[in-house]
Amino acid sequence: CTVIFTRLATRDLHKPISILFCNLAVSDLFTSFSGFWISMLFITNPDITIFGSQDMLAPYALYTTSILSTIYNLVSIGIERYLAVARSMRTRFRVGRNHSIAVVFISWLLAFLLGCLPLLGWNCLQAERSVSVLYSPFCVDYLVFITLPNVVLAFLVPLFTYLRIIIILRKRKLRMQACGQATGTYKSAETQVARTSISIWLLALVSYAPFCAGVIFDAANQRCHTDLYPGAYIFRNCTAMLITITCLGNPLLYTLKLRELGAKLKALRCLSATRLRACSL
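Since this is a predicted model, take the numbers as computed values, not measurements.

Regarding the overall build of the protein
In step 1: Along its length, the protein carries nine helices and zero strands.
In step 2: When its helices and strands are written in sequence order, the protein yields α-α-α-α-α-α-α-α-α.
In step 3: When the 281 residues of the protein are sorted by exposure, 48% land in the buried category.
In step 4: Summarising the internal contacts of the protein: among those between residues at least 6 apart in sequence, 78% fall at separations of at least 24.

Written as structure tokens, this is what we have:
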């Protein structure tokens, strides 16, 4: 909420990256709200969060939608940062405000379509064979369909984009060294990108890998709810807490650090065009 109100109060939403940051904060807000909703259901009636019921479909669907939107936002931010850095070297495509708005709309549309499939009938309220033990009344095949591709997306795309940013900055630094120019600014930007990308990877690993492991365990498990109580459900609650930690870590990693990094990279683009032109002359 602090991120959203700050963005709106400072009228900073004309920048494409600011739109993505604000949308990421909205996704984290929905994740926290849906997690709180599930927690209240657990407090008032713990059995329905273990054995499943019709009342769990709506909060689980909102929770899934929020997590998917967060993943798509993180991927979009990584791609936008890569295009912002690579634009002055290899491509003339520039991410504008309309592009960011379109990405926000598409990410939420896709998240709602995938997250609300259980509300449209893909649930196991009637069929008991493929029901999820950890997330009843979701079906195991739905959880596998949703979790595995999106977790892979959350890991691979940021890996590619931030590594490419580091490689581009290193190439620019080598060109500056060949021209006899100072490279301290490029070295500082490269170090900051490396630190931020490592932090992003660690946060994603800690947050989503246990949840993905729980889904795989759920798919391979053949035992009933009572056989897994309470250990499996303690693990499920811990994975939910780790995802909530992501909602707290995203503003620190993206809104605070990458905002300064984005300004630095923007300045570097202007400097690199001038210096490389002078070097070639």
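Considerations on the packing of aromatic side chains
In step 1: Within the structure shown, the criterion is met by nine aromatic pairs.
In step 2: Plain terms: the ring middles of Y60 and Y135 are 6.0 Å apart, the flat faces sit at 70° to each other, and that makes the pair edge-to-face. In this pair, Y60 sits in helix α4 (residues 57-86) while Y135 sits in the loop between α5 (97-115) and α6 (140-178), placing the two residues 75 residues apart along the sequence.
In step 3: Between the aromatic rings of W122 and F145, the centroid separation amounts to 5.6 Å while the plane-to-plane angle is 40°, which identifies the pairing as tilted. With a gap of 23 residues between them, W122 in the loop between α5 and α6 and F145 in helix α6 connect regions that are remote in the sequence.
In step 4: Of the residues examined, W122 reaches a relative accessible area of 30% and is grouped as partly exposed.
In step 5: Taking the relative accessible area as the measure of exposure, F145 reaches 42% and is therefore partly exposed.

Quick look at the nonpolar core
A general feature of soluble globular proteins is that nonpolar side chains tend to end up buried together.
In step 1: Among the nonpolar cores identified, the biggest contains 36 residues, and Y135 and F138 are the most heavily contacted of them.
In step 2: At the level of secondary structure, the elements contributing two or more residues to this core comprise α2 (16-44), α3 (46-51), α4, α5, α6, α7 (184-220) and α9 (231-280).
In step 3: Element by element, the count of residues in this core is highest for α4, at seven residues.
In step 4: The residues contacting Y135, other than those within four sequence positions of it, are Y60, L143, F211, D218, R236 and T239.
In step 5: Formed by 20 residues, the second largest nonpolar core is a distinct cluster that contains L74, A86, Y162 and I168.

A closer look at the environment of I17
In step 1: Take I17: it is sitting in helix α2.
In step 2: Taking the C-alpha atoms as reference points, I17 and I77, 60 residues apart in sequence, are found 7.1 Å from one another.
In step 3: Those residues in contact with I17 that lie beyond four places of it in its chain are I77, E80 and R81.

Concerning the side chain of S34
In step 1: Relative to the helices and strands, S34 resides in helix α2.
In step 2: Residue S34 is classed as buried on the basis of its relative accessible area of 0%.
In step 3: When near neighbours in sequence (up to four residues on either side) are disregarded, S34 contacts P59, L62, Y63 and S66.

Some remarks on the state of the cysteines
Such a bond, covalent and formed between the sulfur atoms of two cysteines, is termed a disulfide.
In step 1: Overall, the coordinates contain one disulfide when judged by the stated rule.
In step 2: With its sulfur 2.0 Å from that of its partner, C124 forms a disulfide with C139. The sign of the S-S torsion, about 125°, decides the handedness of the disulfide formed by C124 and C139: right-handed. You can see C124 sitting in the loop between α5 and α6 and its partner C139 sitting in the loop between α5 and α6, a full 15 residues away along the chain.
In step 3: Here C124 falls in the buried class, since its relative accessible area comes to 3%.
In step 4: Classification of C139 as buried rests on a relative accessible area of 3%.

A few points about α4
In step 1: The terminal C-alpha atoms of α4 lie 43 Å apart, and with 30 residues this matches the ideal 44 Å at 1.5 Å per residue to within 8%.
In step 2: Counting buried residues along α4, 27 of its 30 residues qualify, which places the element largely inside the surrounding structure.

What about the packing of α4 against α5?
In step 1: Contact geometry of α4 with α5 gives a least axis separation of 8 Å together with a crossing angle of 145°. Here α4 and α5 pass one another in a crossing that is right-handed. Residues A61, T64, T65, L68, S69, Y72, N73 and S76 of α4 lie in contact with α5, whose contacting residues are V103, S107, W108, L110, A111, F112, L114 and G115.
In step 2: Here the contact of α4 with α5 is composed, by residue class, of nine nonpolar, seven polar and no charged.

What counts, and where the lines are drawn
Residues numbered from 1 in each chain as written. Predicted model: local features only at pLDDT ≥ 70, side-chain atom pairs only at ≥ 80, totals over all residues. Heavy atoms only, no water. Helix = DSSP H or I, 4+ residues; strand = E, 2+ residues; numbered from the N terminus. Buried < 20%, exposed > 50% of the residue type's maximum accessible area, 1.4 Å probe, protein only. Contact = heavy atoms within 4.5 Å. Phe/Tyr/Trp six-rings, centres within 6.5 Å; stacked < 30°, edge-to-face > 60°. Core = buried A, V, L, I, M, F, W, Y, C linked by side-chain atoms within 4.5 Å. Disulfide = S-S within 2.5 Å. Expected span 1.5 Å × (residues − 1). Axes fitted to C-alpha atoms, helices over the stretch in contact; angles between N-to-C directions. Left-handed = near helix turned anticlockwise from the far one by under 90°. Nonpolar A, V, L, I, M, F, W, Y, C, P; charged D, E, K, R; others polar.

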